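Residues per chain, in single letters:
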Amino acid sequence: MAESSPTSTKARKNRRHSFEHVPPSMSSSSGPLSEDLQCSICLDVFTDPVSTPCGHNFCKTCLNKCWDNSQTCSCPYCKETFKHRPDLKINTTLRELVGHYKKKTPEKTTDVLCDFCEERKLKALKSCLVCQSSYCETHLEPHLRVAGLKKHKLMDPVSNLEDYICQKHERPLDLFCRDDQTCVCSICSVKDHKNHNTVPIEEESQEKKTELMKTQKDLQQMIQNRIKTIQDIRHSAEDRKRLYTKLLEMMEEQQKAAEKQEEELIEELEQEITELKMRNTELEQLSHTEDHLHLLQIHSSLCSPTNTRNWPEISMKTHESLETLRRDLTQLKDTIDEKLTQTVSRELKWMQQYAVDVTLDPDTAQPELILSDDGKQVRDGDIRQKLPDKPERFDTCVYVLGKEGFSSGRFYFEVQVKGKTEWDLGVARESINRKGMITLSPSNGYWVVVLRNGNEYKACDDPSVSLSLRVKPQRVGVFVDYEEGLVSFYDVESSSHIYSFTGQSFTEKLYPFFGPSLNYGGKNSSPLIITPVNDNK
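Draft legend 1. Up close: the side chain of Thr 52. In this structure, Thr 52 sits in the loop between strand S1 (49-51) and strand S2 (57-59). Classification of Thr 52 by relative accessible area gives buried; the value is 2%. The contact partners of Thr 52, leaving out residues within four places of it in the chain, are Phe 58, Leu 63, Trp 67, Cys 75 and Phe 82.

Draft legend 2. Looking closely at the pattern of salt bridges. In this structure the tally under the stated criterion is 20 salt bridges. In this structure, Glu 484 and Lys 89 form a salt bridge, with 3.9 Å as the shortest nitrogen-oxygen distance. Linking Glu 484 in the loop between strand S19 (475-481) and strand S20 (486-491) with Lys 89 in the loop between strand S4 (81-82) and helix H3 (92-104), this pair joins segments that are 395 residues apart in sequence. With a shortest N-O distance of 2.6 Å, Arg 475 and Glu 414 are connected by a salt bridge. Residue Arg 475 is found in strand S19, and its partner Glu 414 is found in strand S14 (residues 410-416); the two are separated by 61 residues along the sequence. Take Arg 475 and Glu 414: they sit in the same class, and that class is buried. Through salt bridges with shared partners, a single ionic network connects Arg 178, Glu 203, Glu 204, Glu 207 and Lys 208.

Draft legend 3. Seen up close, empty space enclosed by the protein. Enumeration over the complete set of coordinates arrives at one cavity of 30 Å³ or more. The space that makes up the largest cavity amounts to roughly 70 Å³. Contributing to the lining of the largest cavity are Asn 91, Thr 93, Leu 94, Ile 223, Arg 226, Ile 227, Ile 230, Trp 350, Gln 353 and Tyr 354. Ranked by residue count, the leading element in the lining of the largest cavity is helix H7 (residues 201-286), at four residues.

Draft legend 4. Local environment of the layout of surface pockets. Roughly 1300 Å³ of volume is contained in the second largest pocket. Taken together, 36 residues line the second largest pocket, and the ones lying closest to its centre are Lys 89, Ile 230, Ile 233, Arg 234 and Glu 484. Among the secondary structure elements, those contributing two or more residues to the lining of the second largest pocket are H7, helix H9 (311-351), S19 and S20. When residues of the lining of the second largest pocket are assigned to their parent elements, the largest contribution, 11 residues, is made by H7. Within the lining of the second largest pocket, the residues separate by chemical class into 13 nonpolar, 12 polar and 11 charged.

Draft legend 5. Local environment of the packing of aromatic side chains. This structure, assessed with the given rule, holds 16 aromatic pairs. Seen in terms of ring centroids, Trp 67 and Phe 82 are 6.2 Å apart; in terms of plane orientation they differ by 75°. Their pairing is edge-to-face. With Trp 67 in helix H2 (residues 60-68) and Phe 82 in strand S4, this residue pair connects regions lying 15 residues apart in the sequence. Like Phe 82, Trp 67 is buried.

Draft legend 6. Quick peek at unusual backbone geometry. Looking along the chain, the bond that leaves Asp 462 and enters Pro 463 is cis, with omega of 0°. By the element assignment, Pro 463 lies in the loop between strand S17 (456-459) and strand S18 (465-467).

What counts, and where the lines are drawn
Residues numbered from 1 in each chain as written. Predicted model: local features only at pLDDT ≥ 70, side-chain atom pairs only at ≥ 80, totals over all residues. Heavy atoms only, no water. Helix = DSSP H or I, 4+ residues; strand = E, 2+ residues; numbered from the N terminus. Buried < 20%, exposed > 50% of the residue type's maximum accessible area, 1.4 Å probe, protein only. Contact = heavy atoms within 4.5 Å. Salt bridge = Lys/Arg side-chain N within 4 Å of Asp/Glu carboxyl O. 1 Å grid on protein atoms, 1.4 Å probe; cavity = no way out; pocket = protein on both sides within 12 Å on 5 of 7 lines; lining within 4 Å. Points joined across faces, edges and corners; volume = space filled by probe spheres on them. Nonpolar A, V, L, I, M, F, W, Y, C, P; charged D, E, K, R; others polar. Phe/Tyr/Trp six-rings, centres within 6.5 Å; stacked < 30°, edge-to-face > 60°.

What is shown is where atoms sit, not what they do.
Right, dumping it as structure tokens:
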């Protein structure tokens, strides 16, 4: 039958179908969609996934529509009700995973047409690897009836049939060579792949699916671990906020009690002062009287001890009470500081999973700067080197950028600042001005923290913010969440937060930014050193 005869490679390649090319695969379907990447509202792959406080994920638009049409805000999955409508933030980790899934799993085309319909072409029901053609239900009938054609290998319709055929022998790629990790036909298996370990492609595919399922399970666990870490961080932040609120309430109550007691004591003291002044006036008058009888009659009452309180003892008790208050507040502050350190430590461990390998870009370095051969250290050399004045080079301020720029996702790096009296550190956008004097601020494209005069720390915000740090940082961690508009700085060794720029809007690449400052006759000669991140995930 003419319509069932094999078609030449040249004829196949000359066919024109109205469909897109899809990558070769022996299965035309991409397999069931993982529930971890599927919105339970629209039942499709996540678009801008967001997480509810109870830990479930949905498309941002789907969840907002669901809540807009309801009087209460509850999780569509577990039905947990929230007192206030949560502020939905994009789950960037899950969004990156969805993007990776979509790249690896293109949508299956549904418009492969029958090769043998003459007038209006119908959609193909099956493709035949032997005939190398696609058939609608009518034209497929001989393959289901004729004995010889029943042996042909049918599959779900695909547009790129040539990718499923051995180009050398024009036979179906129905075997897999495990030695060479490639698909082969039956002729290849007895010639080029003789004595190799070859198995039916279905068998290998099943094993690969098992591996994929294991990998998928591992990824799901990683996702859940990271979601739990985020929840722990949020809970710790809430605990810290509650502790600070409690501290402020206690301080306010104790302050009011102390003020009331002080006012009562002052009022009593003022009353006694008035009485003592009156007695003193009487004594002054009697000292000059000539009425000896009257003097002798009232002498005892005027000279008797005054009925007043032991004010030195009261003053001491007041001082002791104040010291007790200070001690209680110190203990509470120590508790809060310990909680805060634990929280920041967890935050740092979570951020360190986004560590990137940063290298200094010599083409951007101001001519006085000296970079190490490995591009990990920079210091001021006091002597201006003769270097080409490139557009990307800083020409006045002693700054240098990292080679790598970032325009999405999260990234983190650490820098040793030990031994320095001045430094500048942070990130900068690609289009910053690099010539002449520069004002560091977000409005100028810089998100930077600086040290001046050995102990003066400042965040170069709009306006700048003076920072009071418990200890002098020796190693500073810089974390950026591009989509969240966040740039945070941490003292790595003491696990303490230094400063965060929040609510920023990034529209271009961000580059790590370094300023070792001037040498100052050797007082600030130590280099800034990009250090490996100790990631204990």
